[in-house]
Amino acid sequence: MELNQVSYFINLAETLNFTEAARLSGVSQPSLTRAIRRLEEELGGALIYRDGKNSRLTGLGQDVEAEFRRMLLALRSVRDHSENWTMGRHRVLDIAVAPTVGPKGFAAFLQDALEEVPSIEIRLHSLQSGEDSSEVLSGKYHACILPREVRPDRKLDVRPLFQERFVLACAAKHPLAAAAIVRGEDLANFPLVDRLNCEFRDQIQEHFARRDVVLRPRLRSDREDWVHRIVAEGRAVCIVPERSAAETGLVTRPIEGFTLEREVVIVTVSGSTAPVEIRKVAQLAARYEWR
């Protein structure tokens, strides 16, 4: 497999037209067609249904496109870092944050980190579905900020940042906001938003099932910002990590007998193979006073 085949296929996937893909790739159509056929032979299956104006990617083609895009992203990152080194510019650090980790407190920390390590530029990403700390080992990210994973890996350096409880989130004017501690059975009286990205969904459901509390999810979403907005407008309630509730108009309340907590960590490659700058940032994060 050659890099030009990767770029040819990405152009073909975007246009679904061999002539247009060849033009974008700067080659003749026969050359691009031969390159795609060689790629299909190597991968062992068709990547595109050839049907004139109705051409479309096969299932294999869709999977290959996603992986090729990740490859190109990694290559661009390598080029960026190489240019920064050779030209004496700032070192760019790619840090991915789990979508369930809220921004509260991180703005102040990032400002402190940039002041402490003036030679860096931080590029923040959102961990995508299916991604975890293994993306640090792949080189896609220099660090990940996410809830601690249960599988230890000696190749990774895991530093705790803070612990946080799971609590009820509701609008400031919601009836449950008047209680200092919310009873579990009271949750059954109100519609609930099910946070699909929550790493502890099973534990939450098991807790209330053991207490014969039937929660009523009326909406499910993997978009944390949408969930928080809906709850802040008083249209439903949800259960969230206490630090993630940053939406205006959103308040949190502890739930009686509900003691579930999680630990948020920063993960980097262990040892001297990690860039010295990301090791400094991780050390600062581990020592930071997360209020």
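A few points on the structure. (Residues numbered from 1 in each chain as written. Predicted model: local features only at pLDDT ≥ 70, side-chain atom pairs only at ≥ 80, totals over all residues. Heavy atoms only, no water.)

One finds F109, I145 and L161 to be the most contacted residues of the largest nonpolar core, which totals 34 residues. Of all the secondary-structure elements, those providing two or more residues to this core are β3 (91-97), α5 (106-116), β4 (120-126), β5 (143-147), β6 (156-171), β11 (261-269) and α10 (276-287). It is α10 that contributes the most residues to this core, five residues altogether. Excluding anything up to four places from it in sequence, L161 contacts I145, V264, V265, I266, A285, A286 and W290. Of all hydrophobic cores here, the second largest spans 21 residues; its members include L192, C198, I239 and V251. (Core = buried A, V, L, I, M, F, W, Y, C linked by side-chain atoms within 4.5 Å. Buried < 20%, exposed > 50% of the residue type's maximum accessible area, 1.4 Å probe, protein only. Helix = DSSP H or I, 4+ residues; strand = E, 2+ residues; numbered from the N terminus. Contact = heavy atoms within 4.5 Å.)

Let's shift gears to the state of the cysteines. Within this structure, the stated rule accounts for zero disulfides. C238 provides the cysteine sulfur closest to C198, a residue in no disulfide bond, and the two sulfurs are 9.7 Å apart. For C198, a relative accessible area of 8% translates into the label buried. Free of any disulfide, C238 has its nearest cysteine sulfur in C170, 9.0 Å distant. (Disulfide = S-S within 2.5 Å.)

When we look at burial in helix α9 (residues 224-232), the residues that qualify are E224, V227, H228, V231 and A232. Mapping the buried residues of α9 onto a view down its axis gives an arc of 125 degrees, with all of them on the same face. Buried-residue contacts for α9 involve β6, β7 (192-195), β8 (217-221), β9 (238-241) and β10 (250-253). One or two positions beyond α9, positive phi appears at G234, with a value near 80 degrees. (Arc of directions from axis to C-beta.)

For the rest of this paragraph, the subject is the side chain of H228. As for its placement among the helices and strands, H228 is situated in helix α9. The residues contacting H228, other than those within four sequence positions of it, are V240, S244, A245, E247 and L250.

This brings us to the environment of S244. Note that S244 resides in the loop between β9 and β10. Those residues in contact with S244, other than ones at most four positions away along the chain, are T100, G102, E164 and H228. Within the local environment of S244, its side chain forms a polar contact with the backbone oxygen of P241, the two atoms lying 2.8 Å apart. (Polar contact = N/O pair within 3.5 Å; in protein donor to acceptor, adjacent residues only side chain to side chain.)

Let's shift gears to the packing of helix α2 (residues 18-25) against helix α3 (residues 29-43). Interaxial distance between α2 and α3 falls to 8 Å at its minimum, and their mutual angle equals 100 degrees. For the element pair α2 / α3, the angle class is roughly perpendicular. Residue-level inspection shows F18, T19, A21, A22 and S25 of α2 in contact with α3, the latter providing Q29, L32, T33 and I36. The class makeup of the residues in the contact of α2 with α3 is five nonpolar, four polar and no charged. (Axes fitted to C-alpha atoms, helices over the stretch in contact; angles between N-to-C directions. Parallel < 35°, antiparallel > 145°, perpendicular 65-115°, else oblique. Nonpolar A, V, L, I, M, F, W, Y, C, P; charged D, E, K, R; others polar.)

With respect to the secondary-structure elements, I122 resides in strand β4. Classification of I122 by relative accessible area gives buried; the value is 19%. With residues up to four places along the chain from it excluded, the contact list for I122 reads L93, I95, L110 and L114.

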